[in-house]
Amino acid sequence: MTTARSLTIPLPDDWHLHLRSGEMMRAVLPWTTRHFGRAIVMPNLDPPVVTRADAVRYHSEITAALPDGVTFQPLMTLYMTERTEPGDVRAAFEAGDAVAVKLYPAGATTNSAAGVHDIETIYPVLETMEEIGMPFLVHGEVVDPDVDIFDREAVFIEKKLIPIRARFPALKIVFEHLTTSDGVEYVLSCDAYTAATITPHHLVINRNAMLVGGIKPHYYCLPVAKRERHRLALIEAATSGDARFFLGTDSAPHLDSAKESACGCAGIFNVANALGIVAQVFENKNALDHLEAFTSRNGPAFYDLPVSERSMTLIRHELPVPLPDKVDTARGRITIFDPKMDVYWDVGDVD
Ligand code: DOR
Ligand code: ZN
């Protein structure tokens, strides 16, 4: 008989999360606060969180929805537009009302219509961000109709990221939700001003999960999952312990009715089983000693925040653990990411 093993790590943070608002936010928030101490909250609401005042309002909405006694720190972000004011961004950062600004190329994904068409229009904002040390979070995909959707990330690096980096060498950039070996190689070629988040689902699925045996809308997200060799490169990066890679779930809830449709929404809701899945990926790669770097240390170091003083114990069971499969909300069901693999790890005590 083998005994269950356990692993205690500093309480993880989620460096890329969609919390939504209203009823949806209230339904999904407890899944995050159970397992994460802080989260970078994406600003792609409708309408988006553009100004400091928007971020303050959204922050109050989230904290008002926290049950008594729950300590969770939402880290707010601003949605970059072509009209974003450098002065407003500076004031938000200096007051602690926003920790980063997010770039959505216009048309790239959910609620990105107000995003950026011409990257050079935002250079004055980037100049301020570089000066004050405020991270610039990028959805790294081009949207040109003549670029194949599977090449959008690689083309973004060449056409957008390399010029931005050359112009602003000390701007902190987070390449969000990496999906390609090109992205991994790019980050590795940079210095410590460039980092990247990696999602649990991109560590687990390749594009077959979405397309083989019928179209599977619950595996559709953006950037879309790529070929197996890209997934393997992401696993290498995440499990390496390299300080430039950290966990961002990109958990993005949509009602099943919005995903199971002729034009289904992009987004995978995974936050409920994210840590068990990530621990399993690290175990399978024999890299559990690097797990806490990825989940709990590299992110705070990049954002100049302290590592959590709280802790989480992960339990390794002898048999695969049953994973939650759905959340019911007043407006309908949300399917939780099914990794289609055995997961023996589960979250135990959080102190
Ligand atoms: O799959 C995604 N869903 N990718 C994004 O970039 C946005 C997100 C959402 O908000 O649903
Ligand atoms: Zn996202």
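Keep in mind that what you see is a predicted model, and the values were worked out from it rather than measured. (Residues numbered from 1 in each chain as written. Chains lettered and ligands numbered in written order. Predicted model: local features only at pLDDT ≥ 70, side-chain atom pairs only at ≥ 80, totals over all residues. Heavy atoms only, no water.)

Chemist: Tell me what's going on with the overall build of the protein, and back it up with residues and numbers.
Modeler: Check the secondary structure of the protein and you find 12 helices and 13 strands. The globule rule puts the C-alpha radius of gyration for 351 residues at 20 Å, and the 19 Å found for the protein is close to it. Taken along the three principal axes of its C-alpha coordinates, the protein extends 65 × 45 × 40 Å. Classification of the 351 residues of the protein by burial places 56% in the buried group. A separation threshold of at least 6 residues defines the contact pool for the protein, and within that pool the share at least 24 residues apart is 75%. For the protein, the computed accessible surface area is about 14,400 Å², with 51% contributed by carbon and sulfur atoms. Side chains of the protein carry 32 positive and 47 negative charges; the gap between the two charge centres is 3 Å. (Helix = DSSP H or I, 4+ residues; strand = E, 2+ residues; numbered from the N terminus. Rg over C-alpha atoms; globule rule 2.2 N^0.38 Å. Buried < 20%, exposed > 50% of the residue type's maximum accessible area, 1.4 Å probe, protein only. Contact = heavy atoms within 4.5 Å. Areas by Shrake-Rupley, 256 points an atom, 1.4 Å probe, with all protein chains shown as cover. Lys, Arg positive; Asp, Glu negative; His and termini not counted. Charge placed at Lys NZ, Arg CZ, Asp CG, Glu CD.)

Chemist: Tell me what's going on with the packing of helix α6 (residues 181-189) against helix α9 (residues 228-239), and back it up with residues and numbers.
Modeler: Viewed as axis vectors pointing N to C, α6 and α9 meet at an angle of 35°, and their least axial separation amounts to 8 Å. Here α6 contributes Ser181, Asp182 and Val184 to the contact with α9, which in turn contributes Arg229, His230, Ala233, Leu234 and Ala237. Split by residue class, the contact of α6 with α9 holds 4 nonpolar, 2 polar and 2 charged. (Axes fitted to C-alpha atoms, helices over the stretch in contact; angles between N-to-C directions. Nonpolar A, V, L, I, M, F, W, Y, C, P; charged D, E, K, R; others polar.)

Chemist: Could you give an account of the site of ligand 1, naming the residues involved and the relevant values?
Modeler: As a matter of local geometry, ligand 1 sits amid His18, Arg20, Asn44, Thr109, Thr110, His139, Cys221, Leu222, Ala252, His254, Ala266 and Gly267. At 2.8 Å, a side-chain N or O of asparagine 44 approaches an oxygen atom of ligand 1. Taking histidine 254, its side chain carries an N or O atom lying 2.7 Å from an oxygen atom of ligand 1. Taken by itself ligand 1 offers 280 Å² of open surface, and the protein chains cover 99% of this. In terms of residue class, the shell around ligand 1 is made up of 4 nonpolar, 7 polar and 1 charged. (Near = heavy atom within 4 Å. Polar contact = N/O pair within 3.5 Å; in protein donor to acceptor, adjacent residues only side chain to side chain.)

Chemist: Pulling in residues and values, what's your account of the packing of aromatic side chains?
Modeler: Here a ring pair, both rings aromatic, is described through the centre-centre distance and the interplanar angle of the planes. For the coordinates displayed, the defined rule picks out 10 aromatic pairs. A centroid spacing of 5.2 Å and a plane angle of 85° characterise the contact between tyrosine 123 and phenylalanine 168, whose relative ring orientation is edge-to-face. In this pair, tyrosine 123 is assigned in helix α4 (residues 123-132) and phenylalanine 168 in the loop between α5 (152-167) and β7 (173-175), connecting sequence segments 45 residues apart. A relative accessible area of 9% places tyrosine 123 in the buried class. Through pairs of rings, three or more aromatic residues link up here, namely Trp15, Phe246, Phe302 and Tyr303. For the cation-ring pair, arginine 207 lies above phenylalanine 150, with the distance from its terminal atom to the ring centre recorded as 4.5 Å. It is arginine 316 that lies over the ring of tyrosine 344; its NZ or CZ is 4.2 Å from the centre. (Phe/Tyr/Trp six-rings, centres within 6.5 Å; stacked < 30°, edge-to-face > 60°. Lys NZ or Arg CZ within 6 Å of the ring centre and 35° of its normal.)

Chemist: I'd like a description of the sheet that holds β7, backed by residues and values.
Modeler: The strand order across the open sheet formed by 8 strands is β2-β3-β4-β5-β6-β7-β8-β9, and the pairing between neighbours is parallel. Each edge of the sheet is formed by a strand with only one pairing partner; in this case those strands are β2 (14-17) and β9 (245-247). Across the sheet, the axes of successive neighbouring strands diverge by a mean angle of 30°, strand direction being ignored. Across the face of the sheet, helix α2 (residues 52-64) comes into contact with β3 (38-41) and β4 (73-79) while running at roughly 150° to β4. Of the strands in this sheet, β2, β3, β7, β8 (194-198) and β9 are in contact with helix α12 (residues 291-302), which crosses β9 at around 115°. (Pairing = 2+ DSSP bridges.)

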